[in-house]
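If you want the building blocks of each chain, they are given just below.
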Amino acid sequence: MNKRYWNEYQKAIADDHYFYERSCIRQTFFPGSETTFLKIMKEELQKDIRDEANQHTCTGIGYHSDIVPIETTLTIVARLYSLMTEAGYTHYVPSCVTSFGIFTEMTEMWLNNPDLLEQTRENLRKATGREFELPQNIAHPSDIIYKFREELKTKMKHQLVNRFTGKPLRVVEHIGCHYAKIFPEKGIGKAEFPHVLAGMIESWGGEVIDYPERRHCCGFGFRHYLLQENRGYSIANSKKKFESMEPYEPDFIVTNCPGCSMFMDKWQYVIAEMDNKTYDKEGYGIPVLTYEEMAGLLLGYDPWQLGLQLHQVQSEILMNKIGIKFNPDEKFRGANGKILPTPDKPHFLKQ
Amino acid sequence: MGNIFNLLTQDIRFSEALKACMNCGICTAICPAAEFYDYDPRKICDIVQRKNEEEIEALLRSDMIWACGQCLSCKTRCPRGNVPAEIILVLRKTAQELGYYNDVAKKQQHRLAETVGKNILEIGYCVHPDRVVPALHPEQGPIWEWYVKNIEEVAPKFGANYHGVGPGALRTIREETLNEIRKIYEITGGNQLMDKLLNNE
Ligand code: SF4
Ligand code: SF4
């Protein structure tokens, strides 16, 4: 029944020639994921994708925290589009779900309001002398991985299968609110039947857990996480999700949005340290991967170059289940193999 | 009469955000902020659409408008196509413009301008590892502390171009680019808002 709904809602995703926009949050917490996405695009799929040096923030976090006026955000988005236009591209690929929401929303506003578009053009011209065109296609990087998931499968060295039991790994997926809640028709499967990550998981051998709070926010809350005294809001939302998924015993969580990846990882650490409580049975927590990390692991990329060691909940147990070989000595070394002091261990969360 | 309400309607987002609320409460049922705060998006829509100036002014001065977490869940579910999340953005903007936001919100918005606001103008990123200081972010845990301490050695392992020139994650954004961002702020009212928030401690 669900499958029928999912099949009804498919979005257009460009085939090639993409303009990539980096995410402030993904660069900060998961730089290896962006590297991996570009590597998959260029080396596995032979696609043309532009990584522009001259790009910058979309202001999304500031906009949703009410410190950037909408006219400013519109014009900043226009500048980013001008870089795309200048480089000869028409397919825009923002690496962050917040940015994806911002680009989709600003573009829709312009399409519905030609005077506003003209005013933004004027503002951008005045500020920078630049011109811009609207993209013909806006796709989140996960949309592109989803589109080519079967082709990627043929190149994968591993599957989402527990090698000890032979059963599919059980995976919680989280698409992030701004991927499909703002404009449901812009997300694969819309907001109610999220399929962008579910499609990857199923194609690659895993089983998707459909738990009650699947669509609930991770709790970022913009100003709420950014203000120390409001972080209780953020952790309370994540906790609600963890409690809801716990009985289903997920092997791991995969997320679309870099913010959600970070929160669902770090709040597990905080809950473990505050309450000595984890949501797996053994006290290690549930690993949280980005979709790039999930794809990279299955393609046989080195987990320590993917950046798995940057998560506070570690992934060794998961990698063992999949049958991924890794060198533990490499984990906390520098880029040139330099031996570095290792991180402190948490008090309760096992590593 | 009707000054504040008129101000709200002048925002480009307003007409799309509030069509006609039928007070069904579906937005409140789905709203995570309603679960954890004294906050009710249905009530907000109702107050605004009744156009009672005193009530709207009290709303602008309240804590309530600052509780929304901007998840946009309400947009997906509202059967009338309203967007309480966007009404909130318009209310917050107006509260800041009129100076009606309360002291707690003033202090909080000041801090957000000091952090994220300055990040954008100074380095071209909303968030950057140099500015997620472990002492202020105990929730980030020991691995974050380790990463920040060793970032120059470790970031290249992930293909990052930390403080480098040219493309790549965490590259230094060129001064010319930053100047274009600053000029955009100047022309579009971004600086005006930043100044206001930074001066309001
Ligand atoms: S955007 Fe705000 S009002 Fe809407 S559901 Fe989320 S927290 Fe509630
Ligand atoms: S869901 Fe829509 S119609 Fe119902 S109370 Fe909320 S805003 Fe009003």
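Residues numbered from 1 in each chain as written. Chains lettered and ligands numbered in written order. Predicted model: local features only at pLDDT ≥ 70, side-chain atom pairs only at ≥ 80, totals over all residues. Heavy atoms only, no water.

**Section: the domain arrangement of chain A**
Residue and element names in this part refer to chain A.
Now for step 1: For chain A, the assigned domains are domain 1 (2-140) and domain 2 (142-330).
Now for step 2: For domain 1 and domain 2, the distance between their C-alpha centroids amounts to 24 Å.
Now for step 3: At the interface, 43 residues of domain 1 touch 51 residues of domain 2.
Now for step 4: Interface area, domain 1 with domain 2, both sides summed: about 4100 Å², of which 70% is carbon and sulfur.
Now for step 5: For the pair domain 1 and domain 2, the interface holds four salt bridges. (Domains from an automatic or database assignment. Contact = heavy atoms within 4.5 Å. Buried area = accessible area lost by both parts, 1.4 Å probe. Salt bridge = Lys/Arg side-chain N within 4 Å of Asp/Glu carboxyl O.)

**Notes on the site of ligand 1**
Residue and element names in this part refer to chain B.
Now for step 1: Taken together, Cys31, Pro32, Ala33, Tyr39, Cys68, Gly69, Gln70, Cys71, Leu72, Ser73, Cys74 and Ala85 are the residues near ligand 1.
Now for step 2: Those elements that place two or more of their residues in the shell around ligand 1 are α4 (32-36) and α7 (73-77).
Now for step 3: By residue class, the composition of the shell around ligand 1 is nine nonpolar, three polar and no charged. (Near = heavy atom within 4 Å. Helix = DSSP H or I, 4+ residues; strand = E, 2+ residues; numbered from the N terminus. Nonpolar A, V, L, I, M, F, W, Y, C, P; charged D, E, K, R; others polar.)

**Brief notes about the interface of chain A and chain B**
When the parts of a complex come together, some accessible area is lost, and that lost area is often taken as the interface size.
Now for step 1: Each side of the interface is counted separately: chain A has 100 residues, and chain B has 77 residues.
Now for step 2: The junction of chain A with chain B conceals about 7300 Å² of combined surface from both sides, 60% of it contributed by carbon and sulfur atoms.
Now for step 3: A per-residue breakdown of the area chain A buries against chain B is headed by A:Asp66, A:Ile67 and A:Arg223, which together make up 10% of the total.
Now for step 4: As a salt-bridge pair, B:Glu153 and A:Lys338 come within 2.8 Å of each other at their nearest N and O atoms.
Now for step 5: At the boundary of chain A with chain B, the tally comes to 42 residue pairs in polar contact (both at pLDDT 80 or more).
Now for step 6: In terms of residue count, helix α5 (residues 70-86) of chain A provides more of the side of chain A that touches chain B than any other element does, seven residues in total.
Now for step 7: A per-class count over the side of chain A that touches chain B returns 42 nonpolar, 34 polar and 24 charged. (Polar contact = N/O pair within 3.5 Å; in protein donor to acceptor, adjacent residues only side chain to side chain.)

**Section: helix α3 (residues 31-44) of chain A**
Residue and element names in this part refer to chain A.
Now for step 1: End to end, α3 covers 19 Å across 14 residues, agreeing with the expected 20 Å (1.5 Å per residue, within 8%).
Now for step 2: For α3, the tally of buried residues reaches ten of 14 residues, placing the bulk of the element in the interior.
Now for step 3: Among the residues making up α3, those that are buried are Pro31, Gly32, Ser33, Glu34, Thr36, Phe37, Leu38, Ile40, Met41 and Glu44.
Now for step 4: At the C-terminal side of α3, Gln46 shows a positive phi close to 50°. (Expected span 1.5 Å × (residues − 1). Buried < 20%, exposed > 50% of the residue type's maximum accessible area, 1.4 Å probe, protein only.)

**Focus on the site of ligand 2**
All names here are of chain B.
Now for step 1: Around ligand 2, the surrounding shell holds 14 residues, and the nearest of these are Cys21, Cys24, Gly25, Cys27 and Cys78.
Now for step 2: The set of elements that each furnish at least two residues to the shell around ligand 2 consists of α3 (26-30) and α5 (41-50).
Now for step 3: Of the residues in the shell around ligand 2, the class split is nine nonpolar, three polar and two charged.

**Some remarks on the sheet that holds strand β4 (residues 137-138) of chain A**
The strands that make up a sheet pair up through hydrogen bonds in the backbone, lying either parallel or antiparallel.
Now for step 1: Taking strand neighbours across the sheet as the criterion, the four strands line up as β2-β1-β3-β4 (chain A) in an open arrangement whose pairing is parallel. In this open sheet, the two strands that pair with only one neighbour each are β2 (49-51) and β4 of chain A. (Pairing = 2+ DSSP bridges.)

**What to know about the packing of aromatic side chains**
Two descriptors summarise a pair of aromatic rings, namely the distance from one centre to the other and the angle between the planes of the rings.
Residues and elements named next belong to chain A.
Now for step 1: Here the structure, examined in full by the defined rule, presents 26 aromatic pairs over all chains.
Now for step 2: Members of the aromatic cluster, connected to one another through ring pairs, are Phe19, Tyr81, Tyr89, Tyr92, Phe103, Trp110 and Phe132.
Now for step 3: Looking at Lys39, its charged tip hangs above the ring of Tyr301, at a distance of 4.0 Å from the centre.
Now for step 4: Its guanidinium or amino end placed over the ring of Tyr225, Arg231 lies 4.9 Å from that ring's centre, counting from NZ or CZ. (Phe/Tyr/Trp six-rings, centres within 6.5 Å; stacked < 30°, edge-to-face > 60°. Lys NZ or Arg CZ within 6 Å of the ring centre and 35° of its normal.)

**Quick notes on the packing of α5(A) against helix α7 (residues 114-128) of chain A**
Pairs of packed helices are described in terms of their axes, by the angle between the two and the distance that separates them.
Residue and element names in this part refer to chain A.
Now for step 1: It is the contact of α5 with α7, at a shortest axis distance of 9 Å, that shows an interaxial angle of 75°. Of the possible angle classes, the one that applies to α5 and α7 is roughly perpendicular. Where α5 abuts α7, its residues Leu74, Thr75, Ala78, Arg79 and Ser82 lie against Leu116, Thr120, Asn123 and Leu124.
Now for step 2: Looking at side-chain class alone, the contact of α5 with α7 contains four nonpolar, four polar and one charged residues. (Axes fitted to C-alpha atoms, helices over the stretch in contact; angles between N-to-C directions. Parallel < 35°, antiparallel > 145°, perpendicular 65-115°, else oblique.)

**Brief notes about the side chain of A:Asn123**
Now for step 1: Relative to the helices and strands, A:Asn123 resides in helix α7.
Now for step 2: Judged by relative accessible area, which is 13%, A:Asn123 ranks as buried.
Now for step 3: Not counting chain neighbours up to four residues away, the residues in contact with A:Asn123 comprise A:Thr75, B:Ile187 and B:Thr188.

**What about the pairing of strand β7 (residues 252-255) of chain A?**
All names here are of chain A.
Now for step 1: Residues Phe252 and Val254 line one face of β7 and the alternating positions Ile253 and Thr255 line the opposite face, and both faces are buried.
Now for step 2: As paired elements, strand β5 (residues 170-174) and β7 share four bridges and run parallel to each other. Opposite Glu173, over in β7, you have Val254 as the bridge partner.
Now for step 3: Pairing of β7 with strand β8 (residues 288-290) involves three bridges; the strand directions are parallel. Residue Val254 lies in a different strand from β8, and its bridge partner there is Leu289.
Now for step 4: Running through helix α14 (residues 258-275), the crossover from β7 to the neighbouring parallel element β8 is right-handed. (Right-handed = clockwise from strand over helix to strand, strands pointing away.)

**Looking at the environment of A:Asn230**
Now for step 1: Mapped onto the secondary structure, A:Asn230 falls in the loop between α12 (223-226) and α13 (231-245).
Now for step 2: According to the relative accessible area criterion, A:Asn230 is buried, its value standing at 10%.
Now for step 3: Through-space distance from the C-alpha of A:Asn230 to that of A:Pro94 is 28 Å; in sequence the pair is 136 residues apart.
Now for step 4: Residue contacts for A:Asn230: discarding those within four places in its chain leaves A:Arg223, A:His224, B:Tyr37 and B:Gln108.

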